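Structure assessment
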Amino acid sequence: MTAEVTSTGFEFSLRGLRIGDGEMLPTPGAGGVIAIVGANNAGKSTLLSQLWQAFISGATQQAGSPRILTEIKSPWSGSPEDLEAWLRENARIREFPTFENVVKNGLAERITTARNMPTQGPGAGNLTGWFVNQLNLDQRMNAVHHAGRLGSLDDEPTHPNQILFTDHSKRDRITELARRLFGVSLHFDSISANVGYRLGDPGLEAPKVDEITREYAIAVSGLPTLDSQGDGMKSALGLLIPLEINTHPVALVDEPEAFLHPPQARVMGREIGRIAAENRSQTILATHDKNLLQGLVESKARVTIVHLTRTGDSAAATLLSEEDIESLWNDVTLRYGNALDGLFHSAVIVTENDRDSHFYAAAIDAYLEALTPQPPAHNVMFLGSNGKTNMAGIVDRLRKLGIRVVTCPDLDILDSNKVLKRVVEAHGGNWDDFEELYKKATNQFRAAPKPPTVAEVKQSIDEIFSESAAGDLSEELAKRIKAAAKLPDSTWARLKESGDRAFKDAKDSATSLLAKLDALGIVTVRVGVLENFLTTVSVSKGSGFLPVAFEHNAHKSAEAVEQAKRLIAATGIRTESDAPT
């Protein structure tokens with residue numbers, strides 16, 4: 001029994017790709033969206049260009065620069081008979097005495113040749129334009145221009161508006177998209193010599209096609225054309241129109257969020273996902289916008305994220321599958337915070353709070369500016385964790401996204417081996433490799449603190465009374481007396497007060513431990529806590545600290561510079577001092 005031949009048996013899509021020397025990454029086929037993300041210069045746009053070339057020839061770049069895409073799975077699915085059925089359903093067939101020609105998207109080929117393309121290799125050659133649409137910015141802007149009417153309905157359309165001329169349902173969808181994205185009303189001008197969208201309402205009921213009045217024609221022609229509007233509206237609708245009319249199984253899109261505000265980018269993401277799912281098409285896009293990613297995930301389409309990283313001319317990628325994304329999306333920290341922005345940075349430095357983030361960002365900037373008057377952008381993001389106990393969870397989530405993460409906790413993270421162990425493991429470390437060194441370095445703090453002698457307490461109280469020999473006992477004086485007679489709680493406080501100078505008994509072990517943590521990406525604050533960088537004046541901890549610290553250039557102090565150097569080294573950023581001489 002032979003299999004039924006239908007157009008649904010054919011599929012052309014990206015079903016897997018290899019980046020650099022990595023593993024083959026499986027991607028969703030028809031009905032899915034592949035979002036390529038990464039820091040600036042990671043190779044997102046280059047990957048789209050290399051995918052286009054791979055769809056043409058089937059070959060990928062094995063050498064040379066930059067080496068990003070090195071292999072794709074064959075995009076063909078189905079038999080030659082399935083492809084022929086698809087072409088007959090989705091293209092114009094021109095009959096000649098001895099053969100039939102397929103005409104689609106401005107390209108023509110004999111059907112007997114076209115149907116055998118899958119057997120000739122992975123590339124579609126000069127007929128790639130049948131299957132893949134490169135929706136760059138120029139093409140998106142062109143899609144909103146008015147287009148001349150077809151000579152006859154049997155002619156091959158060469159512009160989206162020529163297709164919309166006879167497809168009222170898709171026209172209505174585009175109109176609704178414009179309303180939701182920009183709050184405007186669109187009117188499709190089908191009576192002028194050039195057809196396309198205009199903004200507004202003619203204010204008159206549309207007459208029958210053979211009863212067009214002069215009054216109605218003047219009202220329509222008086223509306224502004226869509227291509228006369230701002231770049232944001234033209235770029236967005238110039239993308240959604242071709243996707244909606246679905247002339248190609250695959251679309252390649254660079255920065256679909258161009259010119260859009262965050263709420264609009266989110267709606268754009270939802271619509272790209274919806275269209276792919278409904279049309280059984282595939283969109284491969286490169287983006288810099290977390291709002292667009294949020295919209296894609298909310299669309300419930302099959303979404304895969306490819307996170308690109310690049311070192312020199314070598315690229316690597318982390319794949320977030322549909323299951324990974326769903327799991328991460330359930331985390332409110334990622335959904336509603338700015339953690340997803342880390343996908344578009346070279347590294348993320350996680351600090352204990354936003355105040356710490358601001359200070360260390362300023363310290364890094366000051367250090368880099370001291371190296372060269374106009375330093376290149378370091379592309380590092382800072383993220384406050386609201387306490388060191390939250391650091392491990394944040395690090396774990398970010399690393400699952402393929403993001404390089406550095407943590408910058410105060411030195412008193414050593415107070416708790418449980419907290420430190422969680423952070424070490426979140427960074428991919430093995431606590432067994434740290435535990436013995438940790439115990440040696442911190443043994444002096446884990447011992448019970450020595451209580452003061454009675455004579456020492458008496459001397460402290462006598463000094464307090466000598467300062468306040470007369471008058472009544474005040475609440476403040478009572479607190480000072482009580483504190484003088486109090487037994488010490490712990491010697492851990494010395495780490496906050498003195499930083500790494502507090503290590504007395506096992507300095508070598510402490511130095512080795514901190515260096516080992518640095519190498520893993522856990523860069524502790526050597527002076528103890530943030531406030532210890534400011535030594536010239538006294539200021540209370542809290543919101544008032546940073547203005548005073550910056551005023552007195554605490555972020556440029558020798559200690560702050562050393563902290564900045566350690567953070568930069570952990571992120572892997574190259575500086576002028578790293579350059580070969």
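These numbers were taken from a predicted model, which means no experiment stands behind them. (Residues numbered from 1 in each chain as written. Predicted model: local features only at pLDDT ≥ 70, side-chain atom pairs only at ≥ 80, totals over all residues. Heavy atoms only, no water.)

1. So, the confidence of the model for the protein chain
What counts, and what does not: Confidence scores here are pLDDT values: one per residue, from the predictor, ranging 0 to 100. Two residues form a contact once any of their heavy atoms are found within 4.5 Å.
In this model, the protein chain carries an average pLDDT of 89, and 95% of its residues clear a pLDDT of 70 or more. Across residues 1-5, confidence stays below pLDDT 50; counting only partners more than four residues off in sequence or on other chains, it has four contacts.

2. Describing the pairing of strand 14 (residues 250-254)
Short version of the rule: Relative accessibility decides the category of a residue: with a 1.4 Å probe and only protein chains considered, values under 20% of the type maximum give buried, values over 50% give exposed, and everything between is partly exposed. Per the convention used, a helix needs a DSSP run of H or I reaching at least four residues, while a strand needs a run of E reaching at least two, with both numbered from the N terminus. Being paired, for any two strands, means DSSP has found at least two bridges between them.
Most of strand 14 is tucked away, with four of its five residues classed as buried. Across four bridges, strand 10 (residues 132-135) lies against strand 14 in parallel orientation. Each bridged residue has a counterpart across the sheet, and for Asn133 the counterpart in strand 14 is Ala251. Pairing between strand 14 and strand 15 (residues 282-286): five bridges, direction parallel. If you follow Leu252 over to strand 15, its bridge partner there is Ile284.

3. A look at the packing of helix 7 (residues 168-182) against helix 9 (residues 231-245)
What counts is decided by this rule: Each axis is a line fitted through C-alpha atoms, and for a helix only the stretch in contact is used; angles between axes span 0 to 180 degrees, taken between their N-to-C directions. Here is the rule for angles: anything less than 35 degrees is roughly parallel, anything more than 145 is roughly antiparallel, 65 through 115 is roughly perpendicular, and the remaining ranges are oblique. Put simply, a crossing is left-handed when the front helix is turned counterclockwise from the back one by less than a right angle, and right-handed when it is turned clockwise. Any residue outside Ala, Val, Leu, Ile, Met, Phe, Trp, Tyr, Cys, Pro, Asp, Glu, Lys and Arg is labelled polar, Gly included; the first ten of those are nonpolar and the last four are charged.
Remark: helix 7 packs on helix 9, axes separated minimally by 10 Å, with the N-to-C direction vectors making an angle of 150°. Between helix 7 and helix 9, the angle is such that the two are roughly antiparallel. Viewed along their axes, helix 7 and helix 9 form a crossing whose handedness is right-handed. Across the interface between the two elements, Lys170, Arg173, Ile174, Leu177, Ala178, Leu181 and Phe182 of helix 7 pack against Gly232, Met233, Ala236, Leu237, Leu240, Ile241, Glu244 and Ile245 of helix 9. In the contact of helix 7 with helix 9, the residues fall into eleven nonpolar, one polar and three charged.

4. Considering the sheet that holds strand 2 (residues 16-19)
One open sheet accounts for three strands, arranged 3-2-5; its pairing is antiparallel. Because the sheet does not close on itself, it has two edges, and the strands there are strand 3 (24-26) and strand 5 (69-72). Each strand of the sheet is rotated relative to its neighbour by a mean of 30°, with strand direction disregarded. Both strand 2 and strand 3 contribute to a ladder of three bridges, which runs antiparallel. Bridge pairing in strand 3 links Leu17 to Leu25. Packing of helix 1 (residues 44-57) onto the sheet brings it into contact with strand 2 and strand 5, and relative to strand 5 it is tilted by some 40°.

5. Some points on the domain arrangement of the protein chain
Heads up, the rule is: Note that the domain bounds were set by an automatic or database domain assignment. Accessible area that two parts lose when put together, with a 1.4 Å probe and added across both, is what the buried area reports. Salt bridges are identified by distance alone: a Lys or Arg side-chain nitrogen within 4 Å of an Asp or Glu carboxyl oxygen. In the analysis that follows, any N or O atom pair within 3.5 Å is treated as a polar contact, provided that within protein one partner can donate a hydrogen and the other can accept it, and provided that, for residues neighboring in sequence, both atoms belong to side chains.
One can read the domain layout of the protein chain as domain 1 (25-75 + 124-131 + 248-330), domain 2 (336-450 + 490-576) and domain 3 (453-487). A straight line from the C-alpha centre of domain 1 to that of domain 2 covers 35 Å. Taken together, the 16 residues of domain 1 in the interface contact 14 residues of domain 2. Between domain 1 and domain 2, a total of about 1,200 Å² is buried, with carbon and sulfur atoms accounting for 66% of that surface. When the buried area of domain 1 at its contact with domain 2 is split by residue, Lys290, His307 and Leu328 rank highest and sum to 42% of it. For the pair domain 1 and domain 2, the number of links is zero salt bridges. Counting every contact that joins domain 1 to domain 2 gives four residue pairs in polar contact (both at pLDDT 80 or more). Of all elements in the fold, only strand 4 (32-38), helix 11 (290-298), strand 16 (302-311), strand 17 (314-320) and helix 12 (322-329) reach the threshold of two or more residues within the side of domain 1 that touches domain 2. Here the element with the most residues in the side of domain 1 that touches domain 2 is helix 11; it accounts for three residues. Along the lines of polarity and charge, the residues of the side of domain 1 that touches domain 2 split into six nonpolar, eight polar and two charged.

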